[in-house]
Every structure is written in C-alpha cells, then in structure tokens.
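Structural characterization, general
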Amino acid sequence: MFDKRLRLARKRAGLSMRALADQLSPRVTVQAISKYESGKMMPSSSVLVGLGKTLGVSLDFLMGGQVNTLQGIEFRKRSGISAQNLAKAEAIVIERLEDYLAIEDIIDLAPQDNPFGSLVTGQVESFAEIDDIANGLRRHWRLGINPIPSMTGLLEEKGIRVIEANLPQRFDGLTCDALCSGERPVATVVVVSSQTGIERKRFNLAHELAHQVIRATGNPEIRLEKAVDRFAGAFLVPFEHLATQAGERRHGITYHELMQLKRLYGVSASAMLMRLGQVGILPKSTIEHAFRSYARPWRREEPEPIREDEGFGFFERPAHFENLVWRALAEQLISPVRAAQLLHLPLSSIEREIRGPDG
C-alpha cells in the first residue's frame, strides 16, 4: 500500500525520483526511493515524516489502509490534462475517501444495497434506449417526473459518496469504484469540482451517475461520453414533465422561456436547448440556429447563472460526511480535535458549534 501511495504522491508533486531525493530531508539516495516505490524497503520514521513534508501529503495518506485501489476511473475533463494533474485528482479522491470510510467505521454504518438493481448495462443501441434507462432509474428510485431538488442529496441517499473538492484546473469531476480493505464492499464515489457553477455541477453529477449505469455502448456510432451526456439530460429533464411546461411541439422559443426552464430544472441554458431538440419539442434547425447566433456564447459563460445561495444552489452541497462527523462528535466517538481535522475547520469553530451561541 505504502509503495503505491508514495508513487502517486510523487507524481502529484511533479517530481522525479532524483528531484525527490535531492529535496528530501533527511537525505536518501535515488536507489532508496526506487526501493520504497517497488515495495522492497520501508523508510525509517524520520524519512517517512520528511516524505510527507516534501510531497505535501499527510502521513495518514501515505500509510492509509482503507482504500486499496481505485478502479473504473472516469474523468469528466476538458482537453490537455497533464499526468501530474491526473495524479493530483486521484490523490484527492483517496485522501478524502479515507476520511469518509474512517468515520463510517467509527459510527458502524451498515453498507447499503446496490442502488441500481438490474439497470446497469453495456449494450445501449440508441438514444431512445438511453432515455428509457434514465426513466427506469427514476422509477426504480421512485422519483416521479418532477425536477430533482438536489442531485447531491439524492446520490448520498443512495449510498454513493459525493465529494466536492478543489480539483486541478480543467477537471469538472470523476467517478470510480474504490476497492477497500477487509470485507468492506466496493465504495462508489462521485467527485465534483468546487470551482464549477451550480448548473454544470448538477449536470456533472448526473453525468457521473450515468457512468455507473451505462458502462459501455453496443453501438459504435454512440460514444460512451455522448451516451452518458444523453442519460444526464434525460434524468434531469424527463420528456413527460418538460412537455407539460413547454408544449409537445414548438417552432421557436423565447429567451425568457429558456431562462424559466433552466431555473425550473437546474440545468444550463445550453443543456436546456439541447434537451428541447433531443425530444423533438424544437426542430433541429431551430437548435442549430440558436447555437450559431444568440446561444453561441453560452458554452463559455452561463447566462443568468443560479447563485449558490438560491434555489438549487442552496441544496447542491455534500452534507452526508459532515453530518456523520457531527454525529460521531455528539456521541463522543471522536474528539473535537479529530472533528476539526476531518472537517478542515479551526478547533475554535468546532468548540463554538458544540457550545452554541449561549455556551
């Protein structure tokens, strides 16, 4: 375990073995670093502390034993991602997930059943089938057809760990399964960037959810990323509900109506336009004209963005992990110091929340 964590931390820092050996205090040879990373030798306690300081990671990360490996990693990213940034993202997931699993163990939470039932597939043949799968998951989870108030809350309710992190630039999110130590079942993790707007964050969460349901496609004309984007749109904006709001067939739509619809469903204006075209409410020519003209800037800058303190923005925050920490603190299963470490808050803030305003 240590060898893999050290190699990941070194890549995260963008250091070669030689550069790490040169910067480390106490000094060790390149050969020693190589042996650490190949699992042939363990460092002394002083070297271990030095590795943590030089690489900017905790000893808990280097020596952690909860998460063995991440598998099936699917990044939602823009082009031009470096190997260093890939390592940074992976390290963030492992570090945060270690804390998540630790607090679940302290509270002794029972693992939840598979939330997807028999809906997981690798053989979607058409966009209509993808819409059916999205609608099927809504039925399986008894969501009805109304807009989803909080994608974050929904995923957390279904036992999916949602982590919001300051991901490296150009990342929007990722999903993966974490193989854990002991008899703990596989942990499904979805990570979103704290730097993205509410509309994009909700779509990213639906997109990462789709990766858990649609693992591959059976149609070479439908790429996996295109398939999961279609699922995300269908899951967030079901046709049956959209038709009641916009009408089943339209020739055009006003800017005012688009802003109303994007706020109703909590999606971007671009995603809303795309969905209106996908389900045939607006003709293809109308959608193409929109993206050639007035909607062209929307891919770069969201019109009338939803604020973090209003509507969907207020609810799109991971809360499950934080709630578990406060619960463990109230039950005296962890100390205020440990709670401060887990929540990345000053100890004074934790103590103030324990006492209350009149404490």
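A brief look at the structure comes next.

About the cut-offs
Within any chain, residue numbers begin from 1 and follow the written order of that chain's sequence. For a predicted model such as this one, the threshold for reporting local features is a pLDDT of at least 70, and the threshold for listing and counting side-chain atom pairs is 80 or more; totals across whole chains, interfaces and linings nevertheless cover every residue. No hydrogens and no water enter the side-chain calculation; it runs on all heavy atoms of the structure. Summary of the burial criterion: residues with accessible area below 20% of their type's maximum are buried, those above 50% are exposed, and those between are partly exposed, where the area comes from a 1.4 Å probe applied to protein chains only. Numbering of helices and strands starts at the N terminus; helices are DSSP runs of H or I of at least 4 residues and strands are runs of E of at least 2. Each pair of strands is called paired provided DSSP finds at least two bridges between the two strands. To get an axis, fit a line to the C-alpha atoms, keeping to the stretch in contact for a helix; angles then go from 0 to 180 degrees between the N-to-C directions. Roughly parallel means an angle under 35 degrees; roughly antiparallel means over 145; roughly perpendicular covers 65 to 115; every other angle is labelled oblique. Crossing handedness is read from the near helix: turned anticlockwise from the far helix by less than a right angle, it gives a left-handed crossing, and turned clockwise, a right-handed one. In this description, contact between two residues means that some pair of their heavy atoms is separated by no more than 4.5 Å. Residues are grouped as follows: nonpolar covers Ala, Val, Leu, Ile, Met, Phe, Trp, Tyr, Cys and Pro; charged covers Asp, Glu, Lys and Arg; every other residue, Gly included, is treated as polar. To estimate how far a helix should extend, the number of its residues minus one is multiplied by 1.5 Å. Contacts described as polar in this section are N or O atom pairs within 3.5 Å, which, within protein, must combine one atom able to donate a hydrogen with one able to accept it, while residues neighboring in sequence count only if both atoms come from side chains. Salt bridge, as used here: a side-chain nitrogen of Lys or Arg that lies within 4 Å of a carboxyl oxygen of Asp or Glu.

It is worth spelling out the pairing of strand E4 (residues 187-193) at this point. Every regular strand shows the same layout, with side chains that alternate between the two sheet faces. The element E4 is largely enclosed, with a buried count of seven among its seven residues. Of the two faces of E4, the one carrying Ala187, Val189, Val191 and Ser193 and the one carrying Thr188, Val190 and Val192 are both buried. Examined bridge by bridge, strand E2 (residues 161-165) and E4 share five bridges and lie parallel to one another. Paired with glutamate 164 across the two strands is valine 192, which belongs to E4. Of the pairings in the sheet, the one linking strand E3 (residues 171-180) to E4 comprises six bridges and is antiparallel in character. Counted as the bridge partner of glycine 173 is valine 192 from E4. From the end of E3 to the start of E4, which pair antiparallel, there are six residues, and glycine 182 there has a positive phi angle of about 65 degrees.

Turning to the packing of helix H7 (residues 127-140) against helix H10 (residues 224-236), a few remarks are in order. Close contact between H7 and H10 brings their axes to 8 Å; oriented N to C, the two are set at 45 degrees. In terms of orientation, H7 lies oblique with respect to H10. In the crossing of H7 with H10, the sense of the turn from one axis to the other is right-handed. Residues Phe127, Ile130, Asp131, Ile133, Ala134, Asn135, Leu137 and Arg138 of H7 form the contact with H10, whose participating residues are Lys226, Ala227, Arg230, Phe231, Ala234, Phe235 and Leu236. A class-by-class count of the residues in the contact of H7 with H10 yields ten nonpolar, one polar and four charged.

Here the focus is helix H9 (residues 198-213). Spanning 16 residues, H9 covers 23 Å between terminal C-alpha atoms, matching the ideal 22 Å at 1.5 Å per step. Across the 16 residues that make up H9, a large majority, 15, are buried.

This next bit is on unusual backbone geometry. A cis amide bond links serine 25 to the next residue, proline 26, at an omega of 5 degrees. Relative to the elements of secondary structure, proline 26 occurs in the loop between helix H2 (17-23) and helix H3 (30-37). Even without a glycine there, the phi angle at aspartate 108 is positive, about 65 degrees. Topologically, aspartate 108 is positioned in the loop between helix H6 (83-107) and H7. Owing to a relative accessible area of 66%, aspartate 108 belongs among the exposed residues under this scheme.

Along the chain, serine 268 turns up in the loop between helix H12 (255-265) and helix H13 (269-278). Note on serine 268: relative accessible area 17%, which makes it buried. A polar side-chain atom of serine 268 sits 3.0 Å from the main-chain amide nitrogen of alanine 271.

What follows covers the pattern of salt bridges. A side chain of one charge can pair with a side chain of the opposite charge when the charged atoms of the two come close. Applying the stated criterion to the full structure yields 18 salt bridges. Between arginine 307 and glutamate 310 there is a salt bridge whose closest N-O contact spans 4.0 Å.

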